[in-house]
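Tertiary structure, described
For reference, the chains in residue letters:
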Amino acid sequence: MEQYDAVIIGSGYGGSIPAARLAEAGMSVLVLERGPRYAAADFEQSDDPRYIQRIVDLVLSKTNVAFRTGKMVGGASIPMDGAHFRMPQRSFEVVDGLGRRYWPDVYSRAMLDPYYERAEQMLSVRQLGWTEISKAGGLFAKMLDTVGASAERARLNYTDCRQCGFCAQGCIYGKKQSLLYNYIPLAESHGAEFRAGCLVDHLEPVKGGYLVYYERFGVARHAFARRVFVAGGGIHTPALLLRSQNWLPALSSHVGEHFNNNGEHAFLGILPPEFDELSSYLCWKGMDNAGVMSFHWFDSHDFTLHPGGGIEPTVFAADFAAPDDAVLPSRAWGMPYKRFVETVYPHRIIAFSALGLAEGHRAVAIDAAGAPDMVERDRSAYDAYLDRIEVVMADLEAQTGVRLLPTVPRPLAGTTSAHLLCSCRMAESAADGVVDPDGQVFGYENLYVCDASALSFALGVNPALTISAIAERTAELAIAKG
Ligand SMILES: Cc1cc2nc3c(=O)[nH]c(=O)nc-3n(C[C@H](O)[C@H](O)[C@H](O)COP(=O)(O)OP(=O)(O)OC[C@H]3O[C@@H](n4cnc5c(N)ncnc54)[C@H](O)[C@@H]3O)c2cc1C
Ligand code: SF4
C-alpha cells in the first residue's frame, strides 16, 4: 500500500498551498486531483460551451442551481478572474442572530496579514496602474463619480497582460499567475506528486492516520497518510465528508450547512449617450476583471462592487431577466438589436457584481449515488441583503441615467455563483461548525479542511486570497504540530 506523510485531495488554493509548504518542510506528499493536468498551450480562446465545460465544473442540481468550480490541476485558479483582495476587518466582526461572531476569536485582519503577505508574493498580486484599467472599468468609475462614490484600482495577479479578454478560458499566454506558476512547481520541486485523474470517494480513519479511497482509470485504489487535507472546494469537500460519514461518525452535523455565495449578485448597466467617449476603445476589450472596484457602500450597506468583462453572457442573462425592457432590445434577431450591437455595445455597456456580507440560504447534500446536491434553506436574511442592494441601484439609476438591470430575475437570485463558501465552516466548537480555528476537523486528529468550504462567513470581497492565507496558516500549524 502507498504511504505518505500527507495526502491532499484537490489541487486548488486549499490543496496546492499545503502541498507546497508540507513538501518544503520535508514531508512526502501526494495530491489526488480528479481532473486532468493542462498547460497554457492546452487552453483555447473559445466561448464554445463544450470547451468551457472542460475547464469549469458546472454543478447543477434539482433545485435549479448552477455553481461553477474548478476541475483540473490548479482548481479554479485556472478560470478565475484574478481579483485578490484582503478581507476588511469589518468582515471578521460580523455576528449571527445571537450576537456571536461567525469567525473564531483568534481571527482578525492583523492576525492574517502576514499570511496574506506571503500568499500575495507567491501569487504575484499587485495593484494595477491606471493605464492598465479597461474601458469598462473606466466607465464604471465614471458612473460612480457622477454620484460622488469612490472606486479604486483592483489588485490582480496578472503580469504583462495582453488584454485579450480570455482569462476565464485559461490564459494561453501564461500571464495570469494561476497555481500552475507558483505553489504547484514549488511543491513539485520538493518532491510532491500531483496525480491527475484521481476521483476520491471517501476516507476511513485507521491506526495512525487515514486511508483515502479513490478511483483512477476505472481502477479502485487507496493510499495511507498520517495527515489528510480535504480541499475539493465548497461543494465537493462537504460531499466527500458526507460520503465518509459511516467511517467518520463524529463529524459535526454542520457538514454541508451554511453554504454561502458571498452575496454575489450581478448587474448589467446600459449607459446614456453622454458617457459615449474614447470611441477607439471598446467595452469588451481587456481583462475579464475590469480593473477597478468600489468599497463605497460597504460600511453602510454591506456590499462591494466589482465590474468585469463577460459582457456578452451578461447581456444575454439580463435580457432573460427583463425581456420587455425598453433600453435593452430583445435578442430576437432584428434591426433594433443590430443597432444596439453597433452603437451601444462597444461604448456604453458595463457589467458588474455585488459581493457582500450576506447570509447563506442553501446546504450541500448528497444524492443516493453520493453526488452533491443542493437543498434550500431559509432565504429571508439573504432577501433582506438583496433589498439593500436594490435600493442603492435604484438610486444610482435615478441619479446617473444609467439603466441597471439585474442579470437574473429576483426569485432566481443566488442560484448561480463562482463563490462557493462556508459549507464546512470554521468555528470555536463542533456545536457551530466543522473545523476548528486551526483548520482541523473536530473529532479527527490530523484531518484538515482549509479550502473555500472552511471559511466562517461571506467575505464581502473575492475569496481566493483569504483561502490562500488561511491555507498558509493551516499548513504552518500542521507542520509545527509534527
Ligand atoms: C470563473 C471563475 C472566476 C472566479 N474569479 C475569481 C476572482 O477573480 N477572485 C477570487 O478571489 N475568486 C474567484 N473565483 C473563485 C475562486 O476561484 C475559488 O473561490 C477558489 O478557487 C476556491 O479554491 P478551493 O481550493 O476551495 O477550490 P477549487 O479551486 O475549486 O479546487 C478544488 C479542486 O478539487 C478537485 N476535486 C473536487 N472533488 C474532488 C475529489 N472527490 N477527488 C479529487 N479531486 C477533487 C477539483 O477538481 C478542483 O480542482 C472564481 C471562480 C470561477 C469558477
Ligand atoms: S487578458 Fe491577460 S490574463 Fe487574461 S487571458 Fe489575456 S493575456 Fe491572459
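See the structure shown above.
Rules behind the numbers
- Residues numbered from 1 in each chain as written.
- Chains lettered and ligands numbered in written order.
- Predicted model: local features only at pLDDT ≥ 70, side-chain atom pairs only at ≥ 80, totals over all residues.
- Heavy atoms only, no water.
- Helix = DSSP H or I, 4+ residues; strand = E, 2+ residues; numbered from the N terminus.
- Rg over C-alpha atoms; globule rule 2.2 N^0.38 Å.
- Buried < 20%, exposed > 50% of the residue type's maximum accessible area, 1.4 Å probe, protein only.
- Contact = heavy atoms within 4.5 Å.
- Lys, Arg positive; Asp, Glu negative; His and termini not counted.
- Charge placed at Lys NZ, Arg CZ, Asp CG, Glu CD.
- 1 Å grid on protein atoms, 1.4 Å probe; cavity = no way out; pocket = protein on both sides within 12 Å on 5 of 7 lines; lining within 4 Å.
- Points joined across faces, edges and corners; volume = space filled by probe spheres on them.
- Nonpolar A, V, L, I, M, F, W, Y, C, P; charged D, E, K, R; others polar.
- Pairing = 2+ DSSP bridges.
- Axes fitted to C-alpha atoms, helices over the stretch in contact; angles between N-to-C directions.
- Salt bridge = Lys/Arg side-chain N within 4 Å of Asp/Glu carboxyl O.
- Near = heavy atom within 4 Å.
- Polar contact = N/O pair within 3.5 Å; in protein donor to acceptor, adjacent residues only side chain to side chain.
- Areas by Shrake-Rupley, 256 points an atom, 1.4 Å probe, with all protein chains shown as cover.
- Left-handed = near helix turned anticlockwise from the far one by under 90°.
- Phe/Tyr/Trp six-rings, centres within 6.5 Å; stacked < 30°, edge-to-face > 60°.
- Lys NZ or Arg CZ within 6 Å of the ring centre and 35° of its normal.
- Core = buried A, V, L, I, M, F, W, Y, C linked by side-chain atoms within 4.5 Å.
- Disulfide = S-S within 2.5 Å.

Examining the overall build of the chain
Counting its regular elements, the chain contains twelve helices and 20 strands. Its C-alpha atoms give the chain a radius of gyration of 22 Å, near enough to 23 Å, the size a compact globule of 482 residues would have. Considering only C-alpha atoms, the chain reaches an extent of 70 × 50 × 45 Å along its principal axes. Relative to its 482 residues, the chain shows a buried fraction of 58%. Long-range pairs, those at least 24 residues apart, make up 74% of the contacts in the chain with a sequence separation of at least 6. The positive charge centre, built from 43 side chains, and the negative charge centre, built from 56, are 4 Å apart in the chain.

Focus on the layout of surface pockets
Its boundaries defined by the atoms lining it, the second largest pocket holds a volume of some 520 Å³. Together, 26 residues line the second largest pocket, and D96, Y102, H258, E359 and R425 are the ones closest to its centre. Of the residues in the lining of the second largest pocket, the class split is seven nonpolar, seven polar and twelve charged.

Observations concerning the sheet that holds strand β12 (residues 265-270)
Taken in spatial order, the four strands line up as β14-β15-β12-β18 in an open sheet, and their pairing is antiparallel. Taken across any chain shown, the strands that pair with only one partner, and hence form the sheet edges, are β14 (303-308) and β18 (403-406). Each strand axis lies, on average, 30° off the axis of its neighbour in the sheet, ignoring direction. Note: β14 against strand β15 (residues 349-356), six bridges, orientation antiparallel.

Here's the deal with the pattern of salt bridges
Pairs may arise between side chains of opposite charge once their charged atoms sit close together. Summed over the entire model, instances satisfying the criterion amount to 33 salt bridges. Residue E93 is joined to R101 by a salt bridge in which the shortest nitrogen-to-oxygen separation is 3.3 Å. Overlapping salt bridges bring together R86, R109, D113, E117, E120 and R155 as one network.

Some words on the site of ligand 1
Lining the immediate environment of ligand 1, one finds 38 residues, of which E33, R34, A76, A83 and A464 sit closest. Here T69 contributes a side-chain N or O atom positioned 3.0 Å from an oxygen atom of ligand 1. Between ligand 1 and V200, the relevant distance is 3.0 Å, taken from a nitrogen atom to a main-chain nitrogen or oxygen of the residue. In the complex, 96% of the free accessible area of ligand 1, which totals 1000 Å², lies under the protein chains. Listing elements by their share of the shell around ligand 1, those giving two or more residues are α1 (13-24), β4 (66-70), β9 (198-206), α7 (233-243) and α12 (464-481). Among the elements that line the shell around ligand 1, the one with the most residues is α7, at four residues.

Overview of empty space enclosed by the protein
Once rolled over the atoms, a probe with the size of a water molecule shows which space is left empty. Evaluation of the coordinates by the stated rule reveals three cavities of 30 Å³ or more. Considered as a void within the structure, the largest cavity measures approximately 100 Å³ in volume. Surrounding the largest cavity, Y158, C161, R162, Q163, C164, G165, F166, C167, C171, Y173, K175 and K176 form its lining. Tallied by class, the residues present in the lining of the largest cavity amount to seven nonpolar, two polar and three charged.

Topic: α7
Among the eleven residues in α7, eleven count as buried, and that is most of the element. Among all positions in α7, only G233, G234, I235, H236, T237, P238, A239, L240, L241, L242 and R243 are buried.

What about the packing of α1 against α12?
In the contact formed by α1 and α12, the axes pass within 8 Å of each other and the chain directions differ by 35°. Once α1 is placed against α12, the crossing between them reads as right-handed. Residues Y13, G14, I17, P18, R21 and L22 of α1 lie in contact with α12, whose contacting residues are A464, I467, S468, A471, E472, A475 and I479.

Quick look at the packing of aromatic side chains
Tallying each qualifying case throughout the model produces twelve aromatic pairs. Taking the centre distance of 6.1 Å and the plane angle of 70° together, the rings of F295 and F298 count as edge-to-face. Here a set of aromatic residues connected by ring pairs shows up, and it is made of F92, W103 and Y107. Sitting over the face of the ring of F298, R90 holds its NZ or CZ atom 5.0 Å from the ring centroid. Geometry around Y173 places R162 over its ring, the cationic atom sitting 4.1 Å from the centre.

Some details on the nonpolar core
Generally speaking, a soluble globular protein has its nonpolar side chains buried in company with each other. Ranked by internal contacts, the top residues of the largest apolar core, which has 102 residues, are V29, W103, L203 and L241. Considering each element in turn, this core owes the most residues, eight residues, to α12. V29 has contacts with Y4, A6, I8, A19, L22, A23, G191, A192 and E193, leaving out every residue within four places of it along the chain. Counting 45 residues, the second largest nonpolar core, distinct from the first, contains A149, C283, A322 and Y345.

Details of the state of the cysteines
Following the criterion strictly, the structure yields zero disulfides and no others. Of all cysteine sulfurs in the structure, the one in C167 sits closest to C283, which takes part in no disulfide; the separation is 16 Å. For C424, which is in no disulfide, the shortest distance to another cysteine sulfur is to C422 and amounts to 10 Å. Accessibility expressed as a relative area gives 0% for C424, which makes it buried.

Examining the side chain of S16
Looking at where S16 falls in the secondary structure, it is placed in helix α1. Since its relative accessible area comes to 0%, S16 is described here as buried. If we ignore the near neighbours within four places in the chain, the residues touching S16 are G10, S11, L179, Y183, I184 and F194.

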